[in-house]
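Chains, contacts and geometry: an overview
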Amino acid sequence: MSDIGDWFRSIPPITRTWFGASVAFPLIGVLGLVHFSNFLLIPELVFNRFQLWRPLTATFYFPTGFLYLVNLYFLYQYSARLETGVFDTRPADYVFMLLFNWICILITGLLINMRLLMIPLIMSVLYVWAQFNKDMIVTFWFGTRFKAHYLPWVILMFNFVIGGSFVNELTGNLVGHLYYFLMFKYPIDLGGRSFISTPDILYRYFPNRRGGVSGFGVPPTRRPAAQEPVGGGRHSWGQGHRLGAE
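Residues numbered from 1 in each chain as written. Predicted model: local features only at pLDDT ≥ 70, side-chain atom pairs only at ≥ 80, totals over all residues. Heavy atoms only, no water.

Our focus in this paragraph is helix α6 (residues 91–112). Here α6 spans 31 Å end to end across 22 residues, near enough to the 32 Å set by a 1.5 Å rise per residue. Phi turns positive, to about 65°, at Asn-113, one or two residues after α6. (Helix = DSSP H or I, 4+ residues; strand = E, 2+ residues; numbered from the N terminus. Expected span 1.5 Å × (residues − 1).)

This next bit is on the packing of aromatic side chains. Following the criterion strictly, the structure yields 23 aromatic pairs and no others. Centre to centre, the rings of Phe-140 and Phe-158 are 5.5 Å apart; their planes meet at 90°, and the pair counts as edge-to-face. With Phe-140 in the loop between β1 (137–139) and β2 (145–147) and Phe-158 in helix α8 (residues 151–163), this residue pair connects regions lying 18 residues apart in the sequence. Each member of the pair, Phe-140 as well as Phe-158, is classed as buried. (Phe/Tyr/Trp six-rings, centres within 6.5 Å; stacked < 30°, edge-to-face > 60°. Buried < 20%, exposed > 50% of the residue type's maximum accessible area, 1.4 Å probe, protein only.)

Another point: the confidence of the model for the chain. Residue-level pLDDT values for the chain average 86, and 85% of them are 70 or greater. Note on residues 222–246: pLDDT under 50 across the span, and 44 contacts to partners over four residues away in sequence or across chains. (pLDDT = per-residue confidence, 0-100. Contact = heavy atoms within 4.5 Å.)

Glancing now at the pattern of salt bridges. Counted under the stated rule, the structure contains 3 salt bridges. Here Asp-93 ties to Arg-90 by a salt bridge, and the two come within 4.0 Å at their closest N and O atoms. Arg-90 gets classed as buried once you look at its relative accessible area, which sits at 13%. Note that Asp-135 is salt-bridged to Lys-147, the shortest N-O span being 3.7 Å. Remark: Lys-147 occurs in strand β2 and Asp-135 occurs in the loop between α7 (118–132) and β1; sequence separation between them is 12 residues. (Salt bridge = Lys/Arg side-chain N within 4 Å of Asp/Glu carboxyl O.)

Position of Met-123 among the secondary structure elements: in helix α7. The class of Met-123 is buried, set by a relative accessible area of 0%. Measuring from C-alpha to C-alpha, the distance between Met-123 and Leu-174 comes to 9.2 Å, with 51 residues separating the pair along the chain. Filtering out sequence-adjacent residues up to four positions away, Met-123 remains in contact with Pro-152, Ile-155, Glu-169, Gly-172 and Asn-173.

Attention shifts here to a nonpolar patch on the surface. The grouping of Phe-66, Trp-141, Phe-142, Met-157, Phe-160, Val-161, Ile-162 and Phe-166 at the surface amounts to a nonpolar patch, some 870 Å² of accessible area in total. Sort the elements by how many residues they give to the nonpolar patch and α8 lands first, with 4 residues. In this fold, Val-161 is placed in helix α8. (Patch = residues over 30% accessible without salt bridge, like charges linked within 9 Å, V, L, I, M, F, W, Y side chains within 5 Å. Areas by Shrake-Rupley, 256 points an atom, 1.4 Å probe, with all protein chains shown as cover.)

The interhelical angle for the contact between α6 and helix α9 (residues 167–189), taken along N-to-C directions, is 135°, at an axis separation of 10 Å. In terms of axis orientation, α6 runs oblique to α9. Both α6 and α9 take part in a crossing whose hand is right-handed. Each of Asp-93, Phe-96, Met-97, Phe-100, Asn-101, Cys-104, Ile-105, Thr-108 and Ile-112 in α6 lies in contact with α9, whose residues at this interface are Val-167, Thr-171, Val-175, Leu-178, Tyr-179, Leu-182 and Met-183. By residue class, the composition of the contact of α6 with α9 is 12 nonpolar, 3 polar and 1 charged. (Axes fitted to C-alpha atoms, helices over the stretch in contact; angles between N-to-C directions. Parallel < 35°, antiparallel > 145°, perpendicular 65-115°, else oblique. Left-handed = near helix turned anticlockwise from the far one by under 90°. Nonpolar A, V, L, I, M, F, W, Y, C, P; charged D, E, K, R; others polar.)

Moving on: the environment of Leu-75. Checked against the element boundaries, Leu-75 lands in helix α5 (residues 66–84). Taking relative accessible area as the criterion, Leu-75 reaches 1% and is therefore assigned buried. When residues no more than four places from it in sequence are discounted, the contact partners of Leu-75 are Thr-15, Trp-18, Phe-19, Ser-22, Ala-80 and Ile-122.

Next up, the structure:
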C-alpha cells in the first residue's frame, strides 16, 4: 500500500486531484453509497430542481469497465505530461485551460443532452498535448506507430469500436482545438489578437513557480512580425497572462 501511496503522491497536484476524483466517484457508485443516477448531467434537474452538483459529478463519474480504465490511463498520462511540460511552473494557466475546456464541454453537454463529461474533458487535454507534440512518434495498441498529431483521432476511432459512440471524443477534440486555436494558434502563429487569457485571480491561488519547462512539448513563441499595438485595449476585469509570456 505504501508503494501505491508514494506513486499517487508523485502525480502532479492538479492531475492528482482530477485523477483522485475520477476514481472516487465511480467507486462510490460501485459500492452503492450513492445511486449513479445522482451523478448524471440532466438539464431539467439542474435548472428546475437546482441540483447544481451534477455538472461536477458528471465530470468525475463514469461506469467502471474497460473503457473507463483506458480513459483513466489517458487522463493520468497526458494530463501529467501537460502539467509538467508546457504548463510546468504555471499551474494557473493549466487550471484555466481545464476550466475553459470544461465550461465549453458543459455547455455542449447541456445542448445535446450529454449525460457524462469525463471522456470529453480527457480528450480535450489529450488533443492539446498532441498539438504541442505533433511530430513525436507514439506507440498505440498492437505496436502501431504514428505521429502524435493523429493520436486524438485514432483514440476517437478506438473508443468508437469498443464503446459504440464517438460523440464524447469528437466533442473533446473540438473543444481542445478551440482552446489551442484561441490561446496559441491565432494570436501567436497568425498574429491575431488574444481572445482568452488566464485571469489574475487564478494566479493568486495558483502562483507561478520558479523553474523551466521540463516535460513534453514547449509553448510556441510569438513570431517577430506580430506586433502588439501600443496601449492595447484589453479588459481590466482581471488581466491575464498568455502562456509563455512574462
